[in-house]
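Descriptive structure summary
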Amino acid sequence: MKKILLTLALTFLLSLFTSVVFAQDPTPSDDEVNAVASQLYCPVCESTPLDVCPTEACRQWRDLIRQQLADGMTEDQIKQYFVDNYGARVLAEPPKQGSYWLFYILPPVIILAGAIILFRSLKAWTKPIAAPASSGAERSEPSKDEYVSKFEEELKKRK
Amino acid sequence: MFAEFGYGILVVAFLVALYSVVAAIYGATNKSASLVESARRAMLLTFPLISIAAASLIYLLVNDHYEVSFVYEVTSRSMPTYLKITAWWGGQAGSLVFWSFLLSAFASAVTLRKWERDIEFLPWVIVVCSVTLIFFLGLVIFYENPFTRFWLVGGNVEPHMFAPLNATLFTAQDGQGLNPLLRHPGMVIHPPMLYLGFVSYVIPYAFAMAALITGRTDDRWIRLTRRWSLWAWLFLSFGLVLGGRWAYDVLGWGGYWGWDPVEIAAFMPWLTGTAFLHSVMIQEKRGLLKHWNMILVILTYSLVIFGTFLTRSGVLSSVHAFANSPIGPLFMGFVSLSLIVSIALVIWRWPDLQSETEMKSMLSREALFLLNNLLFMSILVVCFWGVIFPLASELFTGQKITVGPPFYERATAPLFSALLFLMAVAPLSAWGHSTVQTLGRAMWKSAVAASIVTVILFFTYTSKIGALIGFFLVTLILFVTFQEFWRGARARQKVQGENFFTALSRLMGRNRRRYGGYIIHISMALMAIGILGIEIFQTSTQGLLAQGEELEIAGYTVKYRELASWDDAGKGVNFTRATVDIYENGIYLGELNPRIDYYFDSQQNMTIPGNRSTFRDDLYILLVDWQPVSNMGATFKIYVNPLVNWLWIGSLLFLVGIIFAAWPDHDPAEEPVRNVRRVGQSSAAD
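Figured I'd write up the structure that's included with this text. (Residues numbered from 1 in each chain as written. Chains lettered and ligands numbered in written order. Predicted model: local features only at pLDDT ≥ 70, side-chain atom pairs only at ≥ 80, totals over all residues. Heavy atoms only, no water.)

What follows covers the overall build of chain A. Across its full length, chain A carries 6 helices and 0 strands. Reading chain A from its N terminus to its C terminus gives the helix and strand order α-α-α-α-α-α. Scored against the burial criterion, the 159 residues of chain A give a buried share of 28%. At a minimum sequence separation of 6, the contacts of chain A that also span at least 24 residues come to 42%. Surface summary for chain A: the accessible area is close to 11100 Å², and the carbon and sulfur share equals 64%. (Helix = DSSP H or I, 4+ residues; strand = E, 2+ residues; numbered from the N terminus. Buried < 20%, exposed > 50% of the residue type's maximum accessible area, 1.4 Å probe, protein only. Contact = heavy atoms within 4.5 Å. Areas by Shrake-Rupley, 256 points an atom, 1.4 Å probe, with all protein chains shown as cover.)

With 48 residues of chain B at the contact, the number on the chain A side is 38 residues. When chain B packs against chain A, the two sides together hide about 3600 Å² of surface, and 63% of this comes from carbon and sulfur. When residues of chain B are sorted by the area they lose upon contact with chain A, Met-362, Trp-385 and Thr-402 of chain B head the list and together hold 17% of the total. Along the contact surface separating chain B from chain A lie 3 salt bridges. Measuring nitrogen to oxygen at the nearest pair gives 2.8 Å for the salt bridge that ties Arg-59 of chain A to Asp-625 of chain B. Our count for the contact surface shared by chain B and chain A stands at 11 residue pairs in polar contact (both at pLDDT 80 or more). Of all the elements in the fold, those that place two or more residues in the side of chain B that touches chain A are helix 14 (365-397), helix 15 (405-425), strand 4 (539-546) and strand 13 (633-642) of chain B. A total of 11 residues in the side of chain B that touches chain A trace back to one element, the largest contributor, which is helix 14 of chain B. Residue classes in the side of chain B that touches chain A are distributed as 23 nonpolar, 17 polar and 8 charged. (Buried area = accessible area lost by both parts, 1.4 Å probe. Salt bridge = Lys/Arg side-chain N within 4 Å of Asp/Glu carboxyl O. Polar contact = N/O pair within 3.5 Å; in protein donor to acceptor, adjacent residues only side chain to side chain. Nonpolar A, V, L, I, M, F, W, Y, C, P; charged D, E, K, R; others polar.)

Another point: the environment of Gly-548 of chain B. Residues and elements named next belong to chain B. Relative to the elements of secondary structure, Gly-548 occurs in the loop between strand 4 and strand 5 (550-553). Judged by its relative accessible area of 42%, Gly-548 falls in the partly exposed class. Other than its neighbours up to four places away in sequence, Gly-548 contacts Lys-559 and Tyr-560.

The next subject is the layout of surface pockets. Empty space within the second largest pocket amounts to approximately 780 Å³. Forming the walls of the second largest pocket are 28 residues, and the residues nearest its centre are Gly-114, Ile-117 and Leu-118 of chain A together with Trp-292 and Met-377 of chain B. Looking at the lining of the second largest pocket, the elements with two or more residues in it are helix 5 (101-125) of chain A together with helix 11 (290-312) and helix 14 of chain B. The dominant element in the lining of the second largest pocket, judged by the number of residues it contributes, is helix 14 of chain B, at 9 residues. A class-by-class count of the residues in the lining of the second largest pocket yields 18 nonpolar, 8 polar and 2 charged. (1 Å grid on protein atoms, 1.4 Å probe; cavity = no way out; pocket = protein on both sides within 12 Å on 5 of 7 lines; lining within 4 Å. Points joined across faces, edges and corners; volume = space filled by probe spheres on them.)

Residue and element names in this part refer to chain B. Sheet architecture is open: 3 strands sit in the order 2-1-3, paired in antiparallel fashion. Edge strands, defined here as strands with exactly one partner in the open sheet, are strand 2 (156-160) and strand 3 (168-169). With 2 bridges connecting them, strand 1 (residues 149-153) and strand 3 associate as antiparallel partners. In the strand pairing of strand 3, Trp-151 is matched with Leu-169. (Pairing = 2+ DSSP bridges.)

Over its 21 residues, helix 6 (residues 122-142) of chain B runs 29 Å from end to end, which matches the ideal 30 Å to within 8%, given 1.5 Å per residue. Of all 21 residues in helix 6 of chain B, 19 are buried; the element is thus mostly enclosed. (Expected span 1.5 Å × (residues − 1).)

Across soluble globular proteins, nonpolar side chains have a tendency to be buried as a group. Residues and elements named next belong to chain B. Counting residues in each nonpolar core, the largest one holds 220 residues, and the members touching the most others are Trp-99, Trp-221, Trp-270 and Leu-310. A total of 16 residues in this core trace back to one element, the largest contributor, which is helix 14. Setting aside anything within four residues of it in sequence, one finds Leu-310 in contact with Ala-265, Met-268, Val-315, Leu-316, Val-387 and Leu-391. Core analysis: the second largest hydrophobic core is formed by 19 residues, Leu-619, Ile-621, Ala-634 and Phe-636 among them. (Core = buried A, V, L, I, M, F, W, Y, C linked by side-chain atoms within 4.5 Å.)

A word on the pattern of salt bridges. Counted under the stated rule, the structure contains 27 salt bridges over all chains. One network of salt bridges, in which partners are shared, links Arg-113, Asp-118, Glu-120, Arg-216 and Arg-220 of chain B.

Turning to unusual backbone geometry, a few remarks are in order. The phi torsion of most residues other than glycine is negative, and most of the peptide bonds are trans. Residues and elements named next belong to chain B. Unusually for a residue other than glycine, Asn-166 sits at a positive phi of about 55 degrees. Position of Asn-166 relative to the elements: it lies in the loop between strand 2 and strand 3. Residue classification places Asn-166 among the exposed residues on the basis of a relative accessible area of 73%. Backbone geometry at Leu-643 places phi at a positive 65 degrees, although glycine is not the residue there. With respect to the helices and strands, the residue Leu-643 is situated in the loop between strand 13 and helix 20 (645-662). Look at Leu-643 and you get buried, because its relative accessible area is 12%.

Residues and elements named next belong to chain B. Mapped onto the elements, Leu-236 comes out in helix 9 (residues 220-251). Considering only alpha carbons, one finds Leu-236 and Phe-198, 38 residues apart in sequence, at a separation of 6.8 Å. In this structure Leu-236 touches Met-193, Leu-194, Gly-197, Phe-198, Tyr-201, Ala-266, Pro-269 and Trp-270, once residues within four positions along its chain are discounted.

In structure tokens form, the structure reads like this:
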């Protein structure tokens, strides 16, 4: 019986404590709401983040985010809620899954291909030219100069 | 009467442009100078014709002719006259007339030049300009007619150009008024500047096509259009900067650039145009990259049309809107056709476009310019993909998606950083040949100085690695560029015996393009400081304040004093203005007045920030909401945007640099053909 009373008392105290904690849990601030809203895009207006969109619909969505934060939902859960209800377009960029991977892969592939083409072309164009004498001021690489001059000196010595 | 007259004149201009194309082609293929001359005069005639049509439209706009649907859509009685005039380009139909007007003006200006040495280009330049003009005039005449009027037909109001059977003209009491966002001075000038830039690029493209068709594939076309390219770049750049400033002042989100598809539409031709500006120098100096320059100018022209298509076809709001709009598919068809024809011409002339010399070194200036081109094209790929992918996704999967700033910022930040690095290195490399040693020798002092500045910034300003890399690159550019000015002026001072400032001004005056380019590099570095500041260090807070309450942010205290709301019947606007007091570390700095203007005619709000701007930062306050009944509370959003002023200072210097480089001094076309310089040498003239 004592145990039951103790348990009840503890439960009562705990419930008081938790309700006190809940009552003291402040309403999420505008900054906390905006921190989530800025990562979402207005499903109605084009290219407008939710934190700065002035429409009534967005105001209501911000209030919803405030409520969800107060209810203890995490940032990811709130984002997922909006995706489930309004589609992937509410995210600032496509989700990294399924066919959307193409979106992330293609630009670096094209840029890399461009870089490879450029460097191969540059390499091909910068091959040592056949007749350096055609242009008196052309500089061949210093190491080659030294090599050639040494070679010529050697030849002279042997003569 | 003015509506029928204006429309009739546009139809005549359309027919005249058609004639000029036929006459020019026939004249060129049959070597008939008189027919080519006739085509030239027809081209010239389009300008006064379109000007008269535009004047008719302006007359209707200014005099409140609300029976004309375009006038009804973009003006209202409460708008001042200057805004009624600028409403010309505030709506779709009018902006297409504006495009045509500018194109006919530029094409006429080109056809008026002396053509003796280049007469074979003339008919084909006319053809390209006129075909483009026909396309735009065709859109106006057949699909987006600004002279369409309202008619009362069986109790319904319908828009038609000419009176349907048993219809009477319907005149609305007042117009809807221009979107208030477009009434800002920045937005009044921003579209014309962009259009000027867009349309100017038609001219280099026309010359390039003329060069391909005639087989005169030397760099004559580049020399003839060098200045056009620079002015086109100036206008496009100015348009972009004004757009950024407008966004900062009016859109109320604390930023200047949101990577919105409409912004990117204007940015893409700027990217290829900038690559082209650098790349043509390689052809002029070294006779290399003839194919590439052709491709760049073709891309720029196509992106100009594509950009107009993106903003004008409704495709960005919905692929379905695009499919239902008649002009969307027409734009796509025109872009595709011009691209295919142009590329076919390049392929046809491929053997004639071979390089005259060879690349000698991977670190030569031409190689670094090529790397610069690669970076600009990479940014273009990111931008193009970011705009196209959502459209493709909606079209093929029905799924709408957003591509917002995080993607673009992540993808372009390293590319922009690499461009900054090139901006520091390339001016020190020589045409023809450079080595790590020569570059190192020229650069080490600047690199040491930049490193010292970066270390000081690390101890005094920030420890963020991205910011430090950015500041290092910026200071490196500044030191290298100033060193170049110093070195050039000192050398001249020694040789000519002039004082330093005379030597500097004469040096710059005689090498406008080079030193104009350096001024632009300095301006880019300053702009980069502003961008680093706002991108990396921006802070914001938002809160509901009762009168007398405060918000704290980054050392500032913002105290809400009062709010006033009143109607201005003359302007048709309700103003709601808050007054807040600003303190920094307890010291009173003054008051700011963020406000919201509500326009009765268009039933739209405009959020005007209260902004305190210094070289160090901007304190940017928005009135988000207020309690109209109690007048007790108002919600404010406050941004602190460090260093952002340097973006605008850099932008102004940027314009100075371009004007300096493009200012007419002598006819560049009369310059001698490429100076075959000794390899390994650089010259002050480049």
